[in-house]
Amino acid sequence: MANRILIGNHPNYGYGCFVSKPGVNVQGANIDDFLFASTSINQNQFLMLEVIPLTYGGSGTVTVTQQYANFNKDTQLVLVYTSAGSGTTAGSATNAWVANTFGAFGTFTITNTKTSTSVGTVTLQCTAGSALTYTPVVGVLTLEV
Amino acid sequence: MANRVLIGKDANNVYCMKVSKAGQNVLSTDNSVLTFNTRITDSTSGYTSTGGRSFIVIQSGVISPSSGTQSVVYFPSIVDNSGNYTAPFIHCLYEKETTDVGAVAGYYWGYSNDSAGYNYGAYLQAYSHGFNSSGGNWTSGTQYGRITWTYKNPAALSISYYILAVPVHE
């Protein structure tokens, strides 16, 4: 079994905490073989990842906001992708998500603001599109950009 | 040299693992210096805290498309503690005929085959569950989800994909 976790002085990358892929000796691993390396310039952790519903009537502008704990991060990477609108069904008794193709139905603007050193605010605004309850997934990662 | 990795008690006497940015002291009480923190919690109204989870790669591979056909990949379904199935986030790298490589994030998923979103060179559909490991209808045992790439012009030479589990809450 390979040694996969190293906390200390890595022969190639110096002091840190390193975790390698299964079957790869962490001491001989290169960057591509790491699951985790504390020497990375950043790590990806979600500060928030949530469905933010927005009901659009087919005209005008509708805005919804969601606050989150930002851990004093500056401008972070925001990830947006789609899930079910109320007009679709999961096709199952359980909650599998069904997509609405985001751009095909509505025009959205996503804004992420550092409200304070502890609070961030995501603003989702729809300015055009079909009358529908949209449910995009909005994620905020710790990755500062 | 700054202390950059903490495994143990932090300044608040709480057990944790933290990693700081290069040149920053991990013992700082300023969270902005951290690149990794096992103590990310959030009690903000309106959603469930992710607890600082990250993308988890559950499967990866390379498929070779042929224009006008489909490729299919199955993966073990992702189910939460409430028994809800979640569709994964899919990240693809499309190698085009010109040998350019473009990163395209998969953005379409669902259980029913009702519509499609176009990616570069192909569109993909992801089904969260309902299959067995060989693609038949699930009846018992481990459920599998399915990803289907349907190829459009311009045809791609190969597509590398990652299937990522993400902590989405409805």
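One can find the structure itself at the top, above this paragraph.
Owing to the predicted nature of the structure, the values given are computational and were not obtained by experimental measurement.

## Let's talk about the pattern of salt bridges
Residue and element names in this part refer to chain A.
(1) Moving on: A full pass over the atoms with the stated rule returns 3 salt bridges over all chains.
(2) Moving on: Here Lys 21 ties to Asp 33 by a salt bridge, and the two come within 3.6 Å at their closest N and O atoms. Separated by 12 residues along the polypeptide, Lys 21 in the loop between strand 2 (14-20) and strand 3 (34-37) and Asp 33 in the loop between strand 2 and strand 3 bring together distant segments of the chain.
(3) Moving on: Its salt-bridge partner being Asp 74, residue Lys 114 comes within 2.8 Å of it at the nearest N-O pair. Linking Lys 114 in strand 8 (residues 106-114) with Asp 74 in the loop between strand 6 (62-69) and strand 7 (76-81), this pair joins segments that are 40 residues apart in sequence.
(4) Moving on: Relative accessible area serves as the criterion here: at 44%, Asp 74 is assigned to the partly exposed category.

## Description of the nonpolar core
All names here are of chain A.
(1) Moving on: Counting residues in each nonpolar core, the largest one holds 18 residues, and the members touching the most others are Met 48, Tyr 68 and Val 122.
(2) Moving on: Elements represented by at least two residues in this core include exactly strand 4 (46-51), strand 5 (54-56), strand 6, strand 9 (119-129), strand 10 (132-134) and strand 11 (137-144).
(3) Moving on: The element that contributes the greatest number of residues to this core is strand 9, accounting for 3 residues.

## Quick word on a nonpolar patch on the surface
(1) Moving on: Where nonpolar side chains cluster on the molecular surface, the patch consists of Ile5(A), Ile7(A) and Ile7(B) and spans about 330 Å² of accessible area.
(2) Moving on: You can call Ile5(A) exposed: its relative accessible area is 60%.

## Considerations on the environment of Lys18(B)
All names here are of chain B.
(1) Moving on: Topologically, Lys 18 is positioned in strand 2 (residues 15-20).
(2) Moving on: Classification of Lys 18 as buried rests on a relative accessible area of 9%.
(3) Moving on: In sequence terms Lys 18 and Asn 31 are 13 residues apart; their C-alpha atoms lie 9.9 Å from each other.
(4) Moving on: For Lys 18, the residues in contact, after removing those within four places along its chain, are Arg 4, Val 5, Leu 6, Asp 10, Val 26, Leu 34, Phe 36, Asn 37 and Arg 39.
(5) Moving on: Within polar-contact distance, the side chain of Lys 18 engages the side chain of Asp 10 at 2.9 Å.

## Regarding empty space enclosed by the protein
(1) Moving on: Across all of its chains, the model carries 2 cavities of 30 Å³ or more by this definition.
(2) Moving on: Taken as a whole, the largest cavity spans an internal volume of roughly 60 Å³.
(3) Moving on: Forming the walls of the largest cavity are Gln45(A), Phe71(A), Lys73(A), Thr142(A), Asn31(B), Leu34(B), Thr35(B), Phe36(B), Asn37(B) and Ile40(B).
(4) Moving on: In the lining of the largest cavity, the residues fall into 4 nonpolar, 5 polar and 1 charged.

Reading the values: rules and limits
Throughout, a residue's number is its position along its own chain's written sequence, starting from 1. Labels follow written order: the first chain is A, the first ligand is 1, and so on. Side-chain atom pairs in this predicted model are given and counted only at pLDDT of 80 or more, local residue features only at pLDDT of at least 70, and totals for whole chains, interfaces and linings cover all residues. Excluded from the side-chain calculation are hydrogens and water; included are all heavy atoms of the structure. Just to be clear on terms, a salt bridge is a Lys or Arg side-chain nitrogen sitting within 4 Å of an Asp or Glu carboxyl oxygen. We count a stretch as a helix when DSSP gives it H or I for four or more residues in a row; a strand needs E for two or more, and each element gets its number in order from the N terminus. The classification of residues rests on relative accessible area computed with a 1.4 Å probe and restricted to protein chains. Under 20% of the type maximum is buried, over 50% is exposed, and intermediate values are partly exposed. Only buried Ala, Val, Leu, Ile, Met, Phe, Trp, Tyr and Cys residues count toward a nonpolar core, and they belong to the same one when joined by side-chain atoms within 4.5 Å. Note that patches include only residues with greater than 30% relative accessible area and no salt bridge, and the join distances are 9 Å for like charges and 5 Å for nonpolar side chains (Val, Leu, Ile, Met, Phe, Trp, Tyr). Using a 1.4 Å probe, the Shrake-Rupley method yields the accessible areas, and only the shown protein chains count as cover for residues. Residue contacts follow a heavy-atom distance rule, with two residues in contact if any of their heavy atoms lie within 4.5 Å. Identification of polar contacts relies on pairs of N or O atoms within 3.5 Å, with a donor-acceptor requirement for protein atoms, meaning one able to donate a hydrogen and the other able to accept it, and with residues adjacent in sequence counted only if both atoms are side-chain atoms. Both site types are read off a 1 Å grid over the protein atoms alone. A 1.4 Å probe that fits but cannot get out defines a cavity, while an open set with protein on both sides within 12 Å along at least five of seven lines defines a pocket; lining residues have an atom within 4 Å of a point. Grid points are joined across faces, edges and corners, and a volume is the space filled by probe spheres set on the points. Here the term charged refers only to Asp, Glu, Lys and Arg, the term nonpolar to Ala, Val, Leu, Ile, Met, Phe, Trp, Tyr, Cys and Pro, and the term polar to all other amino acids, Gly among them.

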